[in-house]
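Topology and contacts: notes
As a plain string of letters, each chain reads:
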Amino acid sequence: MTSKARRRLLDILWRQDLGGSTTQLATLAGIGFASAHRELQAMQAAGLAAAKREDRALTYRANRAHPLANALRALVATPTQRLAGDADARELRG
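Residues numbered from 1 in each chain as written. Predicted model: local features only at pLDDT ≥ 70, side-chain atom pairs only at ≥ 80, totals over all residues. Heavy atoms only, no water.

1. A few points about the packing of helix 1 (residues 4-15) against helix 4 (residues 69-77)
In contact at an axis separation of 10 Å, helix 1 and helix 4 are set at 115° when each is read in the N-to-C sense. In this structure, helix 1 crosses over helix 4, and the sense of that crossing is left-handed. Contact residues: helix 1 offers Leu10, Trp14 and Arg15, while helix 4 offers Ala69, Leu72, Arg73, Val76 and Ala77. Of the residues assigned to the contact of helix 1 with helix 4, the class counts are 6 nonpolar, no polar and 2 charged. (Axes fitted to C-alpha atoms, helices over the stretch in contact; angles between N-to-C directions. Helix = DSSP H or I, 4+ residues; strand = E, 2+ residues; numbered from the N terminus. Left-handed = near helix turned anticlockwise from the far one by under 90°. Contact = heavy atoms within 4.5 Å. Nonpolar A, V, L, I, M, F, W, Y, C, P; charged D, E, K, R; others polar.)

This is how it looks when you write it as structure tokens:
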């Protein structure tokens, strides 16, 4: 995946099994609201995230009913491989 925002949101939704509003997920992922909004909408369109209206906000969760849910769960559970010059991989590992 090329987007740091997308990787972080997938990790939160699929590996950590957390959910929340765009604002909450952006904060958890350490990314801006606009990036989170764009990525969550794309994930919803692809069926990877399910959105539900709660009060005035949409809340997002991993769509565990997706046909590729098991493959995606396995993908996000795999430790990030460190590549030469890949700052994101080093950052995610801590």
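There's plenty left to go through after this.
2. A word on helix 1
With 12 residues, helix 1 should cover 16 Å at 1.5 Å per step; its first-to-last C-alpha distance of 15 Å lies within 8% of that length. Considered for burial, the residues of helix 1 that qualify are Ala5, Arg8, Leu9, Leu10, Asp11, Ile12, Leu13 and Trp14. At the N-terminal boundary of helix 1, the capping side chain belongs to Ser3, with an oxygen 3.3 Å from the backbone nitrogen of Ala5. A positive phi of about 55° marks Asp17, the residue just after helix 1. (Expected span 1.5 Å × (residues − 1). Buried < 20%, exposed > 50% of the residue type's maximum accessible area, 1.4 Å probe, protein only. Polar contact = N/O pair within 3.5 Å; in protein donor to acceptor, adjacent residues only side chain to side chain.)

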